[in-house]
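# Report on the structure
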Amino acid sequence: MSTRRPNIVFLLSDDHAAHAIGNYGSVVNRTPHIDAVASAGVRLDNLFATNSLCAPSRASILTGTYSHVNGVTTLDTFIDASQPTFVTALREAGYRTAFVGKWHMGQGSTDGVDHDPQGFDRWDALIDQGEYHDPRFLSPDGLRVERGYATELITDLAIDWVESLAGDEGSGEEPWCVLVWHKAPHRPWEPDAAHEGLYAEGGALGGAPIPVPATFTDDLAGRSDTARRAAMRVADHLTAADLKQPVPEGLTHDEEALWKYQRYMEDYLACVASVDDNVGRVTDWLRERGDLDDTIVIYSSDQGFFLGDHGWFDKRFMYEESIRMPFVLSYPRAVESGQSLDRIVTNVDIAPTLLEAAGVEVPPRMQGRSFWRDVTGAAEGQADRESDRDRDTEGFYYRYWMHDDRSHQVGAHYGYRTHRYTLIFFYNDGLGLPGCSDRRFAQEWELYDLEADPEELLNVADDPAYAQVRDELEARMWLAQKEVGDDPHPDQPVPRLVSAGNRKHP
């Protein structure tokens with residue numbers, strides 16, 4: 001076994017749903033290069049965002065902390081970039097480090113707090129969301145425009161930085177870590193010329209309508225008023241800029257909804273195809289350099305996305321399509337190929353995992369738990385660890401803070417998810433946070449039995465048959481919230497089992 005510390009390539013896309021990746025069972029597209037990373041290593045089947053929104057998730061990935069700790073709770077609360085991250089820890093341990101792509105956690109400074117990337121030997125960050133074509137990049141050298149397509153350019157800049165490192169062909173070179181964080185496939189889904197129309201009728205992978213989710217016509221009758229208020233219906237809330245061509249005349253409402261879905265998905269999947277091709281560029285480059293065996297390669301997305309599921313696009317809600325993050329990792333030196341991991345982990349766990357992989361001490365401020373030992377070692381040992389653990393005790397705490405924002409109008413909520421159940425409390429209050437409205441709505445509860453209802457169509461929060469389950473989950477949510485240092489909404493009563501001092505596990 002080599003004692004060489006691993007290089008790290010962390011490829012992160014934006015809004016790439018796990019169910020649009022072949023290795024996760026996609027029925028709408030192909031992703032051969034991402035699939036190859038999974039096949040060469042491990043696929044995580046239950047990695048979740050703790051706040052399904054771009055900037056907050058990226059902050060949690062970097063810092064290994066929840067939103068209320070790192071301060072990035074909404075899109076309008078910018079990061080204090082001086083706080084410890086896994087990158088600063090790697091750099092202090094002798095790693096060379098770089099960031100290229102979508103930062104989206106603020107730029108410049110506010111009241112003396114710096115938002116630009118820190119802890120990197122080199123960084124090139126898109127401005128805000130960034131542009132797909134001829135994007136602007138900010139670096140320590142200033143602002144510039146790079147001609148070309150963002151996904152290709154981000155890959156180019158990352159590869160160029162590694163190639164520029166002194167002594168990169170020597171056996172004793174410093175290890176390096178590069179974050180390759182893409183804009184795609186974020187709205188408004190603008191493909192490059194090489195992939196545009198790929199999934200359209202007449203395209204190389206088109207010719208038939210893109211499959212429509214079984215829940216596309218969900219009327220949300222089984223959910224809360226909070227869910228029904230959300231402004232992210234494919235049929236009603238995609239804009240002319242999203243669709244890029246006029247809706248054909250003479251369509252019924254249902255026909256128009258299906259037409260909009262096809263247009264949306266054609267561009268979304270074409271953007272994904274470009275990301276996938278650039279994942280292949282990176283792995284081919286590593287192989288040609290002879291570095292593939294010594295490099296941890298990760299592909300992930302900052303959260304999931306609704307691809308017409310329940311008639312929606314976007315994310316935010318604590319529902320499966322939104323919170324589930326794809327995450328595949330290869331590292332031939334230590335990770336056996338063809339694995340999958342069922343354990344519940346979150347984006348807060350990524351930072352300590354990478355530090356353990358690099359043999360670097362995890363800063364005590366980080367709240368996550370490393371899952372490195374779950375993916376390394378012999379497959380038989382992993383099977384033993386899986387069989388020894390108690391699935392009934394696993395769960396995670398989630399909180400979406402950006403209440404009733406002007407674009408999507410999703411109510412603020414928090415909740416707790418186990419392997420079987422999802423409990424959600426919509427407290428529906430912006431608490432005066434930037435980016436939130438000052439409107440308050442009635443508080444609501446939702447509970448889903450993922451075993452009986454995997455598509456989350458029926459809210460059983462008030463079903464007497466689930467009264468005990470709800471009591472137990474409310475207690476677990478309360479205790480998990482306390483454990484991570486977050487505060488319940490002032491109007492939420494102490495759960496009955498907590499006040500009685502009696503905790504059980506559903």
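Residues numbered from 1 in each chain as written. Predicted model: local features only at pLDDT ≥ 70, side-chain atom pairs only at ≥ 80, totals over all residues. Heavy atoms only, no water.

### Brief notes about helix H5 (residues 150-164)
- The end-to-end C-alpha separation of H5 is 21 Å, in line with the 21 Å expected for 15 residues at 1.5 Å each.
- For H5, the complete set of buried residues consists of Ala150, Thr151, Leu153, Ile154, Thr155, Leu157, Ala158, Ile159, Trp161 and Val162.
- Buried positions along H5 lie against strand S4 (96-101), strand S7 (122-126), strand S8 (136-139), strand S9 (142-145), strand S10 (176-181) and helix H9 (253-289). (Helix = DSSP H or I, 4+ residues; strand = E, 2+ residues; numbered from the N terminus. Expected span 1.5 Å × (residues − 1). Buried < 20%, exposed > 50% of the residue type's maximum accessible area, 1.4 Å probe, protein only. Contact = heavy atoms within 4.5 Å.)

### Thoughts on the sheet that holds strand S17 (residues 421-426)
- The sheet built from four strands is open, its strands ordered S15-S16-S17-S18 with antiparallel pairing. Only two strands of the sheet have a single neighbouring strand rather than two, namely strand S15 (395-400) and strand S18 (444-449). Each strand of the sheet is rotated relative to its neighbour by a mean of 10 degrees, with strand direction disregarded.
- The strands touched by helix H14 (residues 467-483) within the sheet are S15, strand S16 (413-418), S17 and S18, with S16 carrying the most contacts at an inclination of about 110 degrees. (Pairing = 2+ DSSP bridges. Axes fitted to C-alpha atoms, helices over the stretch in contact; angles between N-to-C directions.)

### Examining empty space enclosed by the protein
- Applying the stated criterion across every chain, the model contains four cavities of 30 Å³ or more.
- Around the largest cavity sit Thr50, Asn51, Tyr66, Ser67, His68, Tyr397, Tyr398, Arg399, Trp401 and Asp486, which together line it.
- Elements supplying a minimum of two residues to the lining of the largest cavity: helix H3 (67-70) and S15.
- The element best represented in the lining of the largest cavity is S15, accounting for three residues.
- Looking at the lining of the largest cavity, its residues break down into four nonpolar, four polar and two charged. (1 Å grid on protein atoms, 1.4 Å probe; cavity = no way out; pocket = protein on both sides within 12 Å on 5 of 7 lines; lining within 4 Å. Points joined across faces, edges and corners; volume = space filled by probe spheres on them. Nonpolar A, V, L, I, M, F, W, Y, C, P; charged D, E, K, R; others polar.)

### As for H14
- The end-to-end C-alpha distance of H14 is 24 Å, a good match for the 24 Å that 17 residues give at a rise of 1.5 Å each.
- Considering only its buried residues, H14 is in contact with S15, S16, S17, S18 and helix H15 (496-499).
- Where H14 ends, the next residue or the one after it, Gly485, has phi of about 85 degrees, a positive value.

### Things to note about the environment of Lys260
- The topology assignment puts Lys260 in helix H9.
- Taking the C-alpha atoms as reference, Lys260 lies 37 Å from Arg343; in sequence the two are 83 residues apart.
- With residues near it in sequence (within four places) discarded, Lys260 still touches Val234, Ala235, Leu238, Leu243 and Val247.
- A polar contact of 2.9 Å, which involves the side chain of Lys260, links it to the backbone oxygen of Ala235. (Polar contact = N/O pair within 3.5 Å; in protein donor to acceptor, adjacent residues only side chain to side chain.)

### Quick look at the packing of aromatic side chains
- Throughout the structure, instances matching the rule amount to 30 aromatic pairs.
- A ring pair is formed by Trp312 and Tyr319, whose centres lie 5.9 Å apart and whose planes are at 5 degrees; its orientation type is stacked.
- Residue Trp312 is classed as buried on the basis of its relative accessible area, which comes to 0%.
- Relative to Phe426, the ring of Phe317 lies with its centre 6.1 Å away and its plane at 75 degrees, an arrangement referred to as edge-to-face. Here Phe426 lies in strand S17 and Phe317 lies in the loop between strand S11 (295-301) and helix H10 (320-323), a separation of 109 residues in the sequence.
- Overall, Phe317 belongs to the buried group, its relative accessible area being 0%.
- Taking NZ or CZ as reference, Arg229 lies 3.8 Å from the ring centre of Phe441, over its face.
- A cation over a ring is seen here: Arg399 above Trp401, with NZ or CZ 3.8 Å from the ring centre. (Phe/Tyr/Trp six-rings, centres within 6.5 Å; stacked < 30°, edge-to-face > 60°. Lys NZ or Arg CZ within 6 Å of the ring centre and 35° of its normal.)

### Observations regarding the sheet that holds strand S2 (residues 42-44)
- Judged by pairing direction, the sheet is mixed, and its ten strands sit side by side in the order S9-S8-S7-S4-S10-S1-S11-S12-S2-S13 without closing on themselves. Looking at strand neighbours, the two that pair on one side only are S9 and strand S13 (339-341), the edges of this open sheet. This sheet shows a mean twist of 15 degrees between the axes of neighbouring strands, independent of strand direction.
- Relative to S13, S2 is paired through three bridges, and the arrangement is parallel.

### Comments concerning the nonpolar core
- Counting 81 residues, the largest nonpolar core has Trp176, Val178, Tyr264, Tyr268, Phe317 and Tyr319 as the members making the most contacts within it.
- The next biggest cluster of nonpolar side chains, apart from the first, holds 50 residues, and it includes Ile79, Val87, Met105 and Ile127. (Core = buried A, V, L, I, M, F, W, Y, C linked by side-chain atoms within 4.5 Å.)

### Some remarks on the environment of Arg147
- Counting through the fold element by element, Arg147 comes out in the loop between S9 and H5.
- Taking relative accessible area as the criterion, Arg147 reaches 63% and is therefore assigned exposed.
- Between the C-alpha atom of Arg147 and that of His133, which follows or precedes it by 14 residues, the distance is 7.3 Å.
- With residues up to four places along the chain from it excluded, the contact list for Arg147 reads Asp134 and Leu153.
- Only 3.4 Å separates the side chain of Arg147 from the side chain of Asp134, close enough to count as a polar contact.

### Quick word on the pattern of salt bridges
- Applying the stated criterion across every chain, the model contains 47 salt bridges.
- Arg43 is the partner of Asp45 in a salt bridge, and the nearest nitrogen-oxygen pair spans 2.5 Å.
- Classification of Asp45 as partly exposed rests on a relative accessible area of 21%.
- For Arg316, the salt bridge identified is with Asp314, shortest N-O distance 2.7 Å.
- Its relative accessible area of 4% is what places Asp314 among the buried residues. (Salt bridge = Lys/Arg side-chain N within 4 Å of Asp/Glu carboxyl O.)

### Structural notes on the packing of H5 against H9
- As a packed pair, H5 and H9 sit with axes 9 Å apart at the nearest point and diverge in direction by 15 degrees. For the element pair H5 / H9, the angle class is roughly parallel. In the crossing of H5 with H9, the sense of the turn from one axis to the other is right-handed. Touching Thr151, Glu152, Thr155, Asp156, Ile159, Val162 and Glu163 of H5 are Ser274, Val275, Asn278, Arg281, Val282, Trp285 and Arg289, all from H9.
- Looking at side-chain class alone, the contact of H5 with H9 contains five nonpolar, four polar and five charged residues. (Parallel < 35°, antiparallel > 145°, perpendicular 65-115°, else oblique. Left-handed = near helix turned anticlockwise from the far one by under 90°.)

No statement about biological role is implied by the geometric values presented.
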